[in-house]
Amino acid sequence: MKEKKFFISSSIPYVNAEPHLGHAQEFIEADIIARYRRLMDDTVFFLSGTDDNAQKNVQAAESAGIPVADYVNKHAKEFIDLEKRLNISNDYFIQTSVDPRHRDGAQKLWRACKPEDIYKKSYKGMYCLGCEEFKTEADLVNGECPEHPGKKLEEVEEENYFFKLSNYQSKLKNLVESDELQIIPQTRKNEVLSFINSGLEDFSISRSVARTKGWGIPVPDDETQTMYVWFDALSNYITALGYSDDGADYEKFWKESNERVHVIGKGISRFHTIYWPAMLLSTGVRLPSKVFVHGYITVGGQKMSKTIGNVIDPNVVIDEYGADAFRYYMARHISPFDDGDFTMEKFKEVYNANLANGLGNLSARIMKMAQDNLDEPVKVDNYGYTFQDGYIDESLSEYKINMAMEYIWSKIGDLDREITEKRPFSLLKESPETAKEIIVNLVLNLYRVGCMLQPFLPETADLIINATRINKKPENLFPRKD
RNA sequence: CGCGGGAUAGAGCAGCAGUAGCUCGUCAGGCUCAUAACCUGAAGGUCGUUGGUGCAAAUCCAACUCCCGCAACCA
């Protein structure tokens, strides 16, 4: 099989708060794909990071009374820690305010844009001092900012750089329609196309230094302007690879790669499927090949929000149930494409049903029989099974992670049924040879399940595979919770 | 005419044209190897409403009702 070069990224969240379930979901989805591709012998670069330069970070730091850099680093560390705890196998983690290659790369990208695509324009708008951001007519209620009633809106006028998105309307349309820039799932592709067809307006790509308070990346050759954070943030996907100095990873995983995939949430699909590709078209840099758009996570059917107080810290779930149990829920019970719901009650239910009673119990059943009745370990390596399975390949090639999981769990059900039907435990007395044959076959199939689980539940997969290799019942993989 | 998503057994969801399925719960059996786990069976659905296309519709089309997001710089 020919080795492929595969790039995949999670989006870089701005770090004005602790990581939540949505971030964890995205990390897990991207990680499953990355691990799967490595198992398929592709050469993979999996990128993750934080968007440090957003103005929201500045506001959050100010209200916390901490220097922006400290504030950003503190929260970035929480993201790094969460990824570690979730066994996310990213090859690099870029912090956009820390890595000097990012600043250089973003400025290089700016300079690389066609001169006619960037122009200066006076921008006038109603600025809310409370929110510290511009408001559009639609944002206002009775001419006031709904967040800060009574507070006067200030009419601010300043010069900003704009990007001539309108130049790229038809090109973008063709790219998306032809799937040269593939958007998954189809509904998101339709949304993007309808947005393109409604007409693309140029967008602002800089802010005055006065408003950014000097935080962010300076616009090249203009000390009065800071880059608009999206221009800066989107470029992370290539700056992290070494775009600024044509580094080896940039050559390998961007310029010459077979696939370049961004995993993002539905709220930022426009930036990734329209703004970002347009910027790249202007500079002549290669485009991503796929954008995989996932939904949001609701809690008890409601949007997660601090006001409602229903925000769940992924760390709390991991503390109680472990990383693999959490990965399991995200992979199988949250749709990769639509919004999914999460509550601790539901989590516990599926944990007990599918992990404790399902996979955990099955592993114990089979390996106890094997340990007590087989003289030596089953030669699983001679079985010739590595990872591949047609159904899983097909599901994952379309990013249907939950379908792949359904399939694996159907195999688990098959094995439980087989034990009941073939009754090796009672055959041991009457015809031990037949019983042993059955047990050997069960071990092989358990091994196969372990292999299939590798991208999804890496720790558990290793424990199962190892148990079959040493012919020993594993420790309680998923203790039942009452 | 803003855009999109949802409405399927008591609950939560999958299916998206060809005998209605999964998890939990309920009831009745079986098994006793295993994490009081596992297996089988049963009860329970006019697949939001009304029309249409098809030999055939949760599945395609149209209209309507009710929920939920988004509405250009917000995972």
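## Section: the protein's contact with RNA strand B
For step 1, the next point in the chain: Looking at RNA strand B, there are 45 residues lining it, with Tyr 228, Lys 303, Gly 360, Asn 361 and Arg 365 nearest.
For step 2, the next point in the chain: Sugar plus phosphate: this is where 61% of the atoms of RNA strand B within 4 Å of the protein reside.
For step 3, the next point in the chain: At 3.4 Å, a side-chain N or O of Glu 201 approaches a base nitrogen of RNA strand B.
For step 4, the next point in the chain: Note that a sugar or linking oxygen of RNA strand B is positioned 2.4 Å from one of the side-chain N or O atoms of Asn 361.

## Quick word on the nonpolar core
For step 1, the next point in the chain: Ranked by size, the top nonpolar core spans 95 residues in total, and within it Phe 326, Phe 342 and Trp 409 carry the most contacts.
For step 2, the next point in the chain: Looking at this core element by element, the count peaks at 12 residues for helix 18 (residues 432–453).
For step 3, the next point in the chain: If you count residues domain by domain, this core takes at least three from each of domain 1 (5–294) and domain 2 (343–470).
For step 4, the next point in the chain: Dropping the residues within four chain positions of it, Phe 342 is found in contact with Leu 21, Ile 297, Thr 298, Val 299, Gly 300, Ile 312, Val 317, Phe 326, Tyr 329, Met 330 and Phe 347.
For step 5, the next point in the chain: Counting residues in each nonpolar core, the second largest holds 54 residues, with Ile 118, Ile 183, Phe 231 and Ala 240 among its members.

## Digging into the environment of Gly 360
For step 1, the next point in the chain: Note that Gly 360 resides in helix 14 (residues 344–373).
For step 2, the next point in the chain: Through-space distance from the C-alpha of Gly 360 to that of Thr 460 is 9.3 Å; in sequence the pair is 100 residues apart.

## Some thoughts on the layout of surface pockets
For step 1, the next point in the chain: Approximately 230 Å³ is the volume attributed to the second largest pocket.
For step 2, the next point in the chain: Mapped by element, the contributors of at least two residues to the lining of the second largest pocket are helix 13 (323–333) and helix 19 (458–470).
For step 3, the next point in the chain: Taken together, the residues that form the lining of the second largest pocket break down as nine nonpolar, four polar and five charged.

## Notes on the pairing of strand 1 (residues 5–10)
For step 1, the next point in the chain: For strand 1, the tally of buried residues reaches five of six residues, placing the bulk of the element in the interior.
For step 2, the next point in the chain: Two elements, strand 1 and strand 2 (residues 43–50), share five bridges in a ladder whose sense is parallel. Paired with Phe 7 across the bridge in strand 2 is Phe 45.
For step 3, the next point in the chain: For the segment spanning strand 1, helix 1 (residues 21–39) and strand 2, crossover handedness is right-handed.

## Some points on the sheet that holds strand 7 (residues 182–184)
For step 1, the next point in the chain: Read from one edge of the open sheet, six strands run 3-2-1-11-12-7, paired in parallel fashion. At either end of the open sheet lies a strand with only one pairing partner, and these are strand 3 (92–95) and strand 7. On average, each strand axis in the sheet is inclined to that of its neighbour by 20°, with strand direction left out of account.
For step 2, the next point in the chain: Summarising the sheet, strand 7 and strand 12 (residues 290–294) pair through three bridges and their orientation is parallel. In the sheet register, Ile 183 faces strand 12, and the bridge partner there is Val 291.
For step 3, the next point in the chain: Where helix 3 (residues 68–85) meets the sheet, it contacts strand 2 and strand 3, and its direction lies at approximately 165° from that of strand 3.

## Remarks on the side chain of Ser 11
For step 1, the next point in the chain: Along the chain, Ser 11 turns up in the loop between strand 1 and helix 1.
For step 2, the next point in the chain: At a separation of 2.5 Å, a polar atom in the side chain of Ser 11 contacts the side chain of Glu 26.
For step 3, the next point in the chain: What Ser 11 contacts, discounting residues up to four positions off in sequence, is Glu 26, Gly 49, Tyr 237, Val 263, Ile 264 and Ile 268.

## A word on the packing of aromatic side chains
For step 1, the next point in the chain: Scanning the model with the defined rule gives 24 aromatic pairs in all.
For step 2, the next point in the chain: When the ring of Tyr 243 is compared with that of Tyr 250, the centres are 5.3 Å apart and the planes differ by 70°; the resulting orientation is edge-to-face. Pair check on accessibility: Tyr 243 and Tyr 250 agree, each one buried.
For step 3, the next point in the chain: Ring plane angle 20° and centroid distance 4.6 Å describe the contact between Tyr 391 and Tyr 407, whose orientation is recorded as stacked. In this pair, Tyr 391 sits in helix 15 (residues 390–397) while Tyr 407 sits in helix 16 (residues 401–422), placing the two residues 16 residues apart along the sequence.
For step 4, the next point in the chain: Among the residues examined, Tyr 391 registers a relative accessible area of 35% and is labelled partly exposed.
For step 5, the next point in the chain: By the ring-pair criterion, three or more aromatic residues cluster together here, those being Tyr 321, Phe 326, Tyr 329, Phe 342, Phe 347, Tyr 351 and Phe 478.
For step 6, the next point in the chain: The side chain of Lys 108 reaches across the aromatic face of Tyr 243, ending 4.6 Å from its centre.
For step 7, the next point in the chain: The residue whose ring lies beneath Arg 270 is Phe 195, and the NZ or CZ to ring-centre distance is 3.9 Å.

## Let's talk about the domain arrangement of chain A
For step 1, the next point in the chain: Each assigned domain of chain A is listed with its residue range as follows: domain 1 (5–294) and domain 2 (343–470).
For step 2, the next point in the chain: In this structure, domain 1 and domain 2 have C-alpha centres spaced 42 Å apart.
For step 3, the next point in the chain: Taken residue by residue, the interface counts 14 residues in domain 1 and 13 residues in domain 2.
For step 4, the next point in the chain: With both chains or domains summed, domain 1 and domain 2 bury close to 1,300 Å², and 74% of this area falls on carbon and sulfur atoms.
For step 5, the next point in the chain: A per-residue breakdown of the area domain 1 buries against domain 2 is headed by Ile 32, Tyr 36 and Leu 39, which together make up 43% of the total.

## Quick word on the pattern of salt bridges
For step 1, the next point in the chain: Enumeration according to the criterion identifies 28 salt bridges in this entry.
For step 2, the next point in the chain: In this structure, Arg 38 and Asp 91 form a salt bridge, with 3.4 Å as the shortest nitrogen-oxygen distance. Of this pair, Arg 38 sits in helix 1 while Asp 91 sits in the loop between helix 3 and strand 3, and the two are 53 residues apart along the sequence.
For step 3, the next point in the chain: In this structure, Glu 398 and Lys 400 form a salt bridge, with 2.9 Å as the shortest nitrogen-oxygen distance.
For step 4, the next point in the chain: A relative accessible area of 33% means that Lys 400 is categorised as partly exposed.

## Some remarks on the pairing of strand 11 (residues 259–265)
Residues in a regular strand point their side chains to alternate faces of the sheet.
For step 1, the next point in the chain: In terms of burial, strand 11 is a largely internal element, seven of the seven residues being buried.
For step 2, the next point in the chain: In terms of strand pairing, strand 1 meets strand 11 through five bridges, oriented parallel. Bridge pairing links Phe 7 to Arg 260 in strand 11.
For step 3, the next point in the chain: Looking at chain direction, strand 11 and strand 12 are connected through five bridges and run parallel. When the bridges of strand 12 are listed, Val 261 appears paired with Lys 290.
For step 4, the next point in the chain: Handedness of the strand 11-helix 11 (residues 269–283)-strand 12 crossover: right-handed.

What counts as what
- Residues numbered from 1 in each chain as written.
- Chains lettered and ligands numbered in written order.
- Predicted model: local features only at pLDDT ≥ 70, side-chain atom pairs only at ≥ 80, totals over all residues.
- Heavy atoms only, no water.
- Near = heavy atom within 4 Å.
- Polar contact = N/O pair within 3.5 Å; in protein donor to acceptor, adjacent residues only side chain to side chain.
- Core = buried A, V, L, I, M, F, W, Y, C linked by side-chain atoms within 4.5 Å.
- Buried < 20%, exposed > 50% of the residue type's maximum accessible area, 1.4 Å probe, protein only.
- Helix = DSSP H or I, 4+ residues; strand = E, 2+ residues; numbered from the N terminus.
- Domains from an automatic or database assignment.
- Contact = heavy atoms within 4.5 Å.
- 1 Å grid on protein atoms, 1.4 Å probe; cavity = no way out; pocket = protein on both sides within 12 Å on 5 of 7 lines; lining within 4 Å.
- Points joined across faces, edges and corners; volume = space filled by probe spheres on them.
- Nonpolar A, V, L, I, M, F, W, Y, C, P; charged D, E, K, R; others polar.
- Pairing = 2+ DSSP bridges.
- Right-handed = clockwise from strand over helix to strand, strands pointing away.
- Axes fitted to C-alpha atoms, helices over the stretch in contact; angles between N-to-C directions.
- Phe/Tyr/Trp six-rings, centres within 6.5 Å; stacked < 30°, edge-to-face > 60°.
- Lys NZ or Arg CZ within 6 Å of the ring centre and 35° of its normal.
- Buried area = accessible area lost by both parts, 1.4 Å probe.
- Salt bridge = Lys/Arg side-chain N within 4 Å of Asp/Glu carboxyl O.

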